[in-house]
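# Summary of the model geometry
Next come the chains, spelled out residue by residue.
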Amino acid sequence: ALAACGRRPSGSRLQAVDFTTETVCVLDGLRLIDYPGPKAQIHYAGRTDPDFFCDTVEMFHVFLAVARRQDVRGLFVQDVGKTGWDEPQGHWIEARQAHYVHGSSRFGPMGPTLASFSASAQADAFADRFGGTVLRFDDVTPDMVILDGGALHDTRM
């Protein structure tokens with residue numbers, strides 16, 4: 001129950017929080033439930049509720065642009081090796097431990113996205129099927145996660 005509301009007992013490990021049907025992306029207000037692809041969340045020091053993102057690219061964009069990373073307590077993404085792409089639910093993993101596929105033919109709500117996996121074999125299989133390159137967290141660079149509005153090419157984001 002404590003993890004569900006974003007709080008944790010002192011001394012326990014930070015855990016991801018599942019989104020609800022009403023949870024929206026902090027950047028664009030899109031309801032997470034309405035879009036395919038893995039979602040993400042960032043937990044900040046001094047806050048009980050995380051910021052949710054409807055796309056892993058948005059999470060990386062924000063994290064890589066954050067001037068004060070020491071305020072970030074945790075980063076989580078969904079393991080699409082265990083949850084469906086079209087209607088992802090649950091299966092959160094620590095973002096820094098995940099394997100990512102960059103440049104695949106599978107799109108998220110904002111266009112190209114990074115597919116996230118807990119197992120390297122699943123990331124490799126996804127890349128073989130849908131294209132792309134398997135990366136680790138530290139291999140993702142700011143030029144890979146530019147928010148240009150996806151299919152609409154709306155650069156006002």
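Given the structure is predicted, the values throughout are model-derived calculations rather than measurements.

## Thoughts on the side chain of H99
Summarising the element assignment, H99 is placed in strand β5 (residues 99-102). What H99 contacts, discounting residues up to four positions off in sequence, is A115, S116, F117, S118, A119, S120, A123, V134, L135 and R136.

## Things to note about the pattern of salt bridges
Enumeration according to the criterion identifies 5 salt bridges in this entry. The residue E22 makes a salt bridge to R31 at a minimum N-O spacing of 3.4 Å. Here D34 ties to R31 by a salt bridge, and the two come within 2.8 Å at their closest N and O atoms. For D34, a relative accessible area of 42% gives the class partly exposed. On the basis of relative accessibility, which here comes to 30%, the residue R31 falls in the partly exposed class. Counted as one network, the salt bridges with shared partners bring together E22, R31 and D34.

## Regarding helix α2 (residues 120-130)
Inspection of α2 places A123, F126, A127 and F130 among the buried residues, and these make up the whole buried set. With its buried residues spanning 100° around the axis, α2 presents them on a single face. In α2, the exposed positions that point more than 90 degrees away from the buried face belong to A121, D128 and R129. Looking at the buried residues of α2, the elements they touch are β5, β8 (115-117) and β9 (133-136). Just downstream of α2 lies G131, where phi reads positive at about 85°.

## A word on the sheet that holds strand β3 (residues 72-78)
Strand order in the open sheet formed by 4 strands is β2-β1-β3-β4, and the pairing between neighbours is antiparallel. Only two strands of the sheet have a single neighbouring strand rather than two, namely β2 (51-53) and β4 (92-94). Here the average twist between neighbouring strands, direction ignored, is 25°. Bridge count for strand β1 (residues 40-44) against β3 is 5 bridges, and the pairing is antiparallel. Counterpart to H43 in the pairing with β3 is G74. Taken strand by strand, helix α1 (residues 56-65) contacts β1, β2 and β3, and its axis lies near 30° from that of β1.

## A look at the pairing of β5
Relative to β8, β5 runs antiparallel, the two being bridged by 3 bridges. Looking at the pairing, V101 lines up with A115 of β8. Examined bridge by bridge, β5 and β9 share 4 bridges and lie antiparallel to one another. Its bridge partner lying in β9, V101 is registered against V134.

## Structural notes on the state of the cysteines
Using the criterion set out here, one finds 0 disulfides in the structure. C25 takes part in no disulfide bond, and the closest cysteine sulfur, belonging to C54, lies 4.0 Å away. Residue C54 is classed as buried on the basis of its relative accessible area, which comes to 0%.

Thresholds applied
Residues numbered from 1 in each chain as written. Predicted model: local features only at pLDDT ≥ 70, side-chain atom pairs only at ≥ 80, totals over all residues. Heavy atoms only, no water. Helix = DSSP H or I, 4+ residues; strand = E, 2+ residues; numbered from the N terminus. Contact = heavy atoms within 4.5 Å. Salt bridge = Lys/Arg side-chain N within 4 Å of Asp/Glu carboxyl O. Buried < 20%, exposed > 50% of the residue type's maximum accessible area, 1.4 Å probe, protein only. Arc of directions from axis to C-beta. Pairing = 2+ DSSP bridges. Axes fitted to C-alpha atoms, helices over the stretch in contact; angles between N-to-C directions. Disulfide = S-S within 2.5 Å.

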